[in-house]
Amino acid sequence: MPTSLDLIGAHPWRSAVFTTYSLSLSFFEAIVLDQLIRGGARGAVILSDVDGVRGALSEHGARRVGREYDIEPISVSSGVFHPKLSVLIGQHECHLLVGSGNLTFGGWGGNFEVFEHLHSGFAAEAIRDASEFFASLANAPRVRHGARSQCLETAASLRESVTGVSGSGKIRLIHSLQRSILDQISEFAEELGGAKRVIIASPYWQGGEALDGICAALRTDRAYVHSHPGGIVRGSFGSNWPRNSKGLVDPVCIDAFNIEGDRRLLHAKVFEIVCNRGRIIISGSANATNAALGEGQNVEACLVRIETGKVVGWKFSPAEPPEESLMSDDENDDNEEACGVLRATLDSDTVYGQVLHPALKGRAEALLVTSDGAQKLGSVQLNDQSQFSIHVKGLELKILQGQRCVLAIETETTRVEGFISVTAFSEISRRSGSLASRLIALLAGNETPSDLAAIMSWICEDPNVLSRNLLSQKCAVTARPDKVEPNRTIHIDDLRSSLDIDRHSPHALGNNQSASWTRFVDALIASFRQPRSPFKHDSDSLEEDEDDEREKKERKRPNDPAIGKSLVVFHRLFAVFLSEEHIQRFYTVAFDMAQYICRRLEPDARDVTEWLRALVHAYVKFSVHLEKPENVAAIVQILNSEDSSIEGVRRARLQLLRMGFSIEGPCPDMSEVGGFQAALAADFDFVGQWEKIKSVRTMTEQVQFYLKAIEKNSPTMDYPDLRSCPEEWKILARAIEFPENRDEFQVVSKGTMACPRCSIGLPIDQLGNLRSKSIAMAKSCCNLVLVCAEI
């Protein structure tokens, strides 16, 4: 239904609530949920009959339930949960869809359905009625569910959206939680002077008994029943025509429903009652059956439009009844082997659950069902309310990473199943808003370049969102206040996670949000360490020429605009991570994210080289404390891999010495920098290079050996490369042999710029020699030889 989907994706809804009997999670995730996310919605929950949830449990492709949206099963003691409502709540408004279509492909497009679209600006009474429906549902004695808090929050939000708004009273919503639908319809008809004519379009009938009850309540002796030219959706109960009615039944085809070329099957339920002083039109979930219209059976919701004065009713033409189509009656089916339904929430490492249908008590076995099969979790004890709990370590991360997890409870005679809702996601969603789905995509490994750009922009705005103690702060995607006023108004969304007892568990208030956020941040950062293949782009379709390395690198350059944007954002974020303010906390994150970028985005080699140099420079400059400093040593090896000369090896050794790294140990684990190697195509013998680094001596080290020889008046072979500076070596060699000549050289510090004896600046070439070779000569003045022993 395009108009409904356009509405769903049009605004950043604060919350979205859907009620349905049948349920297709593949439809909801592919169509509705994506529209909600695209519009920036903060959360969604589906209230579905246990039969609908039972069917959804077989959809193995649905993987976002419990993370990006929740499902709450509803069990009705003497019927089914049948309303079809969509509640979209914004900041200062709400939209309400009331219709006949279930949350399925057929219900939202494939079938012939009727939906009414209401807005808080013009249908205040109906919105208040909807609020009363959810408030009643929260505590209705004949329904069992764990969504009390969601129902009360929805009721409050609906009521708030029409505060101070008046209406005409001509649009109302009725439901069957307290009174029968038929009694309420009869009252509306009486208020308009009594019924004169009734036309009904319904796919399902109860033989004719229900129609007789309708005619009796409205005091009419004839009913016009729509015979749909496209046929009806085959149901699981009742019949397709009131053949056994005792009254007069005229088959007609309503003109408005007879659309040329439209062969969709009828699933709409619509009543038109023309009265003496106007007419009423009822549409919604209620079929023309006693279960729908009677008292104490199904839970239904219908919209009533009231027109007063002189009216013109629906136009129709005579038709033929449809061919008889027998349908099974659910009440008579043998459902003993049908799987029961439970609800479960995961708070930290504890699953809290409640069996909704059938009620169970005593000891049972718990199993976790994933795509890999069923895993036994242990025994649980169900109390008088069929509630239980069990500790399951590591389950939260599995679900957040996209694994489909279903909880099963088994006794000797019964098996029940249900989806697991992760309470941590409500906190994630509350703090990251519409970005939550992108973060979850990153955890699951199916993020897009656009997701990555948005996530990095979010982090760049405030790196503290990656702090493991974020819950002690107030961090969000939107602008952050510098300070919190003591009398600040707290939004209801900020109270939900701390007051939502039902959502967290049937037993106790969830109090592990801080631990949940810590695990989420850890998992998010760990995602950047996982080896992942490059994003797809146009050049992937080109055949690579292995003999032409230049063309191969050219083809790796991204041409997807989102990839280019991600690279731009990363450059900015990388600089933030390595700033003095953040480096001690986020150096490792910068390291991991840079490798992730190398694997996923295939950046230019020049950029990668600059990132590696920045990592080494920042490590030395800020004396960063790392758990694995050898990873920086591995970077040094990569940076020096293209220069295998003795000077290149010396340069690598000098960098490692300045970092305080132990060179005598084994070669660093180069797999820790595999992303950097891949980006630079660094196919190199790093172990061999490491052996060279271990055996060579830097010029500074040789100066140190020379000074020890001076101290002992005993020349050694430990400073052979000092001889590569013939002018300086002539003086240094004489100093070893003749101590009285030792005033011809002087030991200086690394930062020396001038002759310490004459205070005259050193020539530029000699300054370079002092830095690179640790030896120079004051040629601008007294020719004093300068040596530096500082690493």
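Residues numbered from 1 in each chain as written. Predicted model: local features only at pLDDT ≥ 70, side-chain atom pairs only at ≥ 80, totals over all residues. Heavy atoms only, no water.

Asks: Explain the packing of helix α19 (residues 583–601) against helix α20 (residues 605–621) to me, and be specific about the residues and the numbers.
Replies: Two numbers describe a pair of packed helices, the interaxial angle and the distance between the axes. One can describe the packing of α19 onto α20 by two numbers: an axis separation of 11 Å at closest approach and a directional angle of 160 degrees. In terms of orientation, α19 and α20 fall into the roughly antiparallel class. Regarding α19 and α20, the two cross each other, and that crossing is left-handed. From α19, Ile-583, Tyr-587, Phe-591, Ala-594, Ile-597 and Cys-598 reach across to α20, where they touch Val-608, Trp-611, Leu-615, Val-616, Ala-618 and Tyr-619. Looking at side-chain class alone, the contact of α19 with α20 contains 12 nonpolar, no polar and no charged residues. (Axes fitted to C-alpha atoms, helices over the stretch in contact; angles between N-to-C directions. Helix = DSSP H or I, 4+ residues; strand = E, 2+ residues; numbered from the N terminus. Parallel < 35°, antiparallel > 145°, perpendicular 65-115°, else oblique. Left-handed = near helix turned anticlockwise from the far one by under 90°. Contact = heavy atoms within 4.5 Å. Nonpolar A, V, L, I, M, F, W, Y, C, P; charged D, E, K, R; others polar.)

Asks: Please provide a residue-by-residue account of the environment of Glu-260, values included.
Replies: Here Glu-260 is to be found in the loop between β11 (248–254) and β12 (270–275). For the pair formed by Glu-260 and Pro-229, sequence separation is 31 residues and the distance between their alpha carbons is 9.9 Å.

Asks: Describe in detail the packing of helix α18 (residues 561–577) against α19, supporting the description with residues and values.
Replies: Remark: α18 packs on α19, axes separated minimally by 9 Å, with the N-to-C direction vectors making an angle of 160 degrees. Accordingly, the angle class assigned to the pair α18 and α19 is roughly antiparallel. Every pair of crossing elements has a handedness; the one defined by α18 and α19 is left-handed. In contact with Ile-563, Ser-566, Leu-567, Phe-570, Leu-573, Phe-574 and Phe-577 of α18, α19 contributes Ile-583, Phe-586, Val-589, Ala-590, Met-593, Ala-594, Ile-597 and Leu-601. A class-by-class count of the residues in the contact of α18 with α19 yields 14 nonpolar, one polar and no charged.

Asks: Tell me about the sheet that holds strand β25 (residues 785–788), residues and numbers included.
Replies: If you trace the three strands from one edge of the open sheet to the other, you get β23-β25-β24, paired in mixed fashion. A single partner strand is all that each edge strand has here, and the edge strands are β23 (745–748) and β24 (775–777). Strand-to-strand twist in this sheet, taken as the mean axis angle between neighbours without regard to direction, amounts to 25 degrees. With three bridges connecting them, β24 and β25 associate as antiparallel partners. Along β25, the bridge assignment pairs Met-777 with Val-785. Sitting on the sheet, helix α25 (residues 699–712) touches β23, β24 and β25, and the angle it makes with β23 is about 125 degrees. (Pairing = 2+ DSSP bridges.)

Asks: Run through unusual backbone geometry, naming residues and quoting values.
Replies: For the bond from His-357 to Pro-358, the omega torsion is -10 degrees, close enough to zero to count as cis. Positive phi outside glycine occurs at Ser-386, with the angle close to 65 degrees. Looking at the secondary structure, you find Ser-386 in the loop between β19 (373–382) and β20 (387–391). Take Ser-386: its relative accessible area is 1%, and that puts it in the buried class. A positive phi angle, near 60 degrees, is found at Ser-759, a position not held by glycine. Locating Ser-759 in the fold gives a position in the loop between β23 and α27 (764–773). (Buried < 20%, exposed > 50% of the residue type's maximum accessible area, 1.4 Å probe, protein only.)

Asks: Run through the pattern of salt bridges, naming residues and quoting values.
Replies: Evaluated as defined, the whole model comprises 31 salt bridges. The salt bridge involving Arg-279 is made with Glu-272; its shortest N-O contact spans 2.4 Å. Here Glu-272 falls in the buried class, since its relative accessible area comes to 0%. A salt bridge links Asp-451 to Arg-438; the shortest N-O distance between them is 2.7 Å. Of the two residues, Asp-451 is situated in helix α13 (residues 449–461) and Arg-438 in helix α12 (residues 436–444); the sequence distance between them amounts to 13 residues. A single salt-bridge network, built from bridges that share partners, covers Arg-197, Glu-272, Arg-279 and Glu-307. (Salt bridge = Lys/Arg side-chain N within 4 Å of Asp/Glu carboxyl O.)

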